[in-house]
Amino acid sequence: MIMQDVEPIEIKVRDRASMDRCITAAVDRMIESARRQRTNGILVTRFGDGHFVVGLSDAVPFGYTDQLDSRRQTA
C-alpha cells in the first residue's frame, strides 16, 4: 500500500495558551498519520516566536516526537 505524503501543519500564534493548544492539536493529527504509515516520527520545528511547523520526519523514529529550535541566534 502506498501512503500519500502528509502535509506539515504551520502554526502562527500570539500567546502561550494558543501555542500549547494548537501544537497539541497538530501533534495529535500527525500521530494519526504516523500510525498509518508506521515509518516516521513527528518533528515540531520552531522558526520564531509563535511560529511553528509540525510534520512527519524521517529523522525522528516512529513512535517518537522531537523538537527543533530553528530561530536565528543573535550574537
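Here's a quick rundown of the structure. As a convention, each chain's residues are numbered from 1 in the sequence order in which they are written. It should be noted that, the model being predicted, local features are given only for residues of pLDDT at least 70 and side-chain atom pairs only at 80 or more, the latter also being counted only at that level, while totals for whole chains, interfaces and linings use all residues. Note that the side-chain values use all heavy atoms of the structure and ignore hydrogens as well as water.

**Quick look at the environment of K12**
(1) Moving on: The residue K12 is located in strand 1 (residues 9-12) in this model.
(2) Moving on: Note: C-alpha distance between K12 and R46 (34 residues apart in sequence) is 10 Å.
(3) Moving on: Two residues qualify as a contact provided that any one of their heavy atoms is within 4.5 Å of a heavy atom in the partner residue. When residues no more than four places from it in sequence are discounted, the contact partners of K12 are G50 and H51. Starting at the N terminus, helices and strands are each numbered in turn, a helix being any DSSP run of H or I of at least four residues and a strand any DSSP run of E of at least two.

**Remarks on the environment of T65**
(1) Moving on: Here T65 lies in strand 4 (residues 65-69).
(2) Moving on: Linking T65 and C22, residues 43 residues apart in sequence, is a C-alpha distance of 15 Å.
(3) Moving on: Setting aside chain neighbours within four positions, we find T65 in contact with V27, I42, V44 and V60.

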